[in-house]
Amino acid sequence: MDRDYYQVLGVPRDASTENIQQAYRQLARKNHPDVNNDPAAEDRFKEINEAYHVLADPKTRARYDRFGADFRQIPEDFDPQAATQGFGRGSPGRSQRAGGRSRGPRAGASRGTRTGGGRVYTSDFGGSDFGDFDEIDIDDLFGGMFGARGATGPIPGADHEAELDLTVEEAYRGGRRSITLSGPGGPHNYQVTVPAGVTDGQRIRLAGQGGGGSGNGPAGDLYLVVRIAPHPRYRLAKRDIYVDLPVTPWEGALGATVPLTTPGGETKVKVPPGSSSGRRLRLQAEGMPNPRGKPGDLYAEVKIMVPPKLTAQEKRLFEKLAAESTFDPRRSR
């Protein structure tokens, strides 16, 4: 172990079990190899997973808090009550609180202790590294693991994250979607309800569809991050939609009511007289829907279009207009 487990999860040493679980789920979701392409993500995920399983278990956490990197050398089934039988009381020499040079017994070393006055005294450890200290406070040694911390509880599964690609129209309308994601057990099919008006980066939660828990712990959640694909006509700015509105020179000059196709269907737009290219016409509340508040607006941007090829009559009319008009757009600016 190269790093402190509390530092790995980014929590203080007195963090509650709930805080440890929350930190783990956030970090696991961010560094899971299925959603993070960073080559180092898998190693970070393993380190995060190891830290969580140590700190989420009250007994293992108690040993880790007392012995640090050497906690694995302390037998998991160590029973202070059984250890007090069959040994005479040792003669306490120098005493040292656990937490200095504290190392667990080597394999094959015999153990002998006797309680007295709320403390555990060592008698003969047969060459054990516990010889570094003769008197240890039982509450300090085990951090209350036999009392307040209680037994090991269920461990919830990790949250997973994947991307959900949508077109502008799909995001606008919402509805049911069927998606397939690859996982450890092969492809998995999911039925997803997409809310109308989802925005890019918004997450859709599928409860209980993440990683499996252990010890009867609940499964994690699956979060689908919405990614709206670029569109050839529509441009999105949060919930506002921008779209070009092609008009003829005479519609821009004289004004007109013209049709416009939007993600919600076809509508009518009134072009005021004297509209040049670049003028924006706002259609209030015609943007992306918002189930929790005000919808966005739709902005139709006027774009004057001329015929790519003039008929003879059109050419004569444009020539007549050019002869009659005194309008000079370069001088009027």
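All of these numbers come straight from a predicted model, not from anything done at the bench.

Reading the values: rules and limits
Residues numbered from 1 in each chain as written. Predicted model: local features only at pLDDT ≥ 70, side-chain atom pairs only at ≥ 80, totals over all residues. Heavy atoms only, no water. Pairing = 2+ DSSP bridges. Helix = DSSP H or I, 4+ residues; strand = E, 2+ residues; numbered from the N terminus. Axes fitted to C-alpha atoms, helices over the stretch in contact; angles between N-to-C directions. Expected span 1.5 Å × (residues − 1). Buried < 20%, exposed > 50% of the residue type's maximum accessible area, 1.4 Å probe, protein only. Contact = heavy atoms within 4.5 Å. pLDDT = per-residue confidence, 0-100.

Trainee: Give me the lowdown on the sheet that holds strand 14 (residues 298-304), citing residues and values where you can.
Mentor: Ordered in space as 9-10-14-13, the 4 strands form an open sheet in which the pairing is mixed. Looking at which strands have only one partner, the edges of the open sheet turn out to be strand 9 (234-237) and strand 13 (280-283). Neighbour-to-neighbour, the strand axes of the sheet open up by a mean angle of 30°, direction not taken into account. Inspection of the sheet shows strand 13 paired to strand 14 by 4 bridges, in the antiparallel sense.

Trainee: Before we move on, can you summarise the sheet that holds strand 7 (residues 203-206) with the specific residues and values?
Mentor: Pairing in this open sheet of 3 strands is mixed, and the strands run 4-8-7 from one edge to the other. Both edges of this open sheet fall to strand 4 (160-166) and strand 7, since each of them pairs with a single strand only. Along the sheet, successive strands turn relative to each other by an average axial angle of 30°, direction set aside. Note that strand 7 and strand 8 (residues 222-228) share 4 bridges and pair antiparallel. Across the sheet, Leu 206 pairs through a bridge with Leu 222, a residue of strand 8.

Trainee: Explain unusual backbone geometry to me, and be specific about the residues and the numbers.
Mentor: Residues other than glycine seldom take positive phi values, yet Lys 238 does so here, at roughly 60°. You can see Lys 238 is positioned in the loop between strand 9 and strand 10 (240-247). A positive phi angle, near 65°, is found at Ala 285, a position not held by glycine. As for its placement among the helices and strands, Ala 285 is situated in the loop between strand 13 and strand 14.

Trainee: Got a sec to walk through helix 3 (residues 41-55)? Specific residues and values, please.
Mentor: Across its 15 residues, helix 3 extends 21 Å between first and last C-alpha, which sits within 8% of the 21 Å expected from 1.5 Å per residue. Restricting attention to buried positions, one finds in helix 3 the residues Ala 41, Phe 45, Ile 48, Ala 51, Tyr 52, Val 54 and Leu 55. Buried residues along helix 3 sit in contact with helix 1 (5-9), helix 2 (17-31) and helix 4 (58-67).

Trainee: Talk me through the confidence of the model for the chain; I want residue IDs and the actual numbers.
Mentor: When pLDDT is averaged across the chain, the result is 76; 74% of the residues are at 70 or more. Note on residues 78-151: pLDDT is under 50 here. Beyond four places in sequence and across chains, it has 116 contacts.

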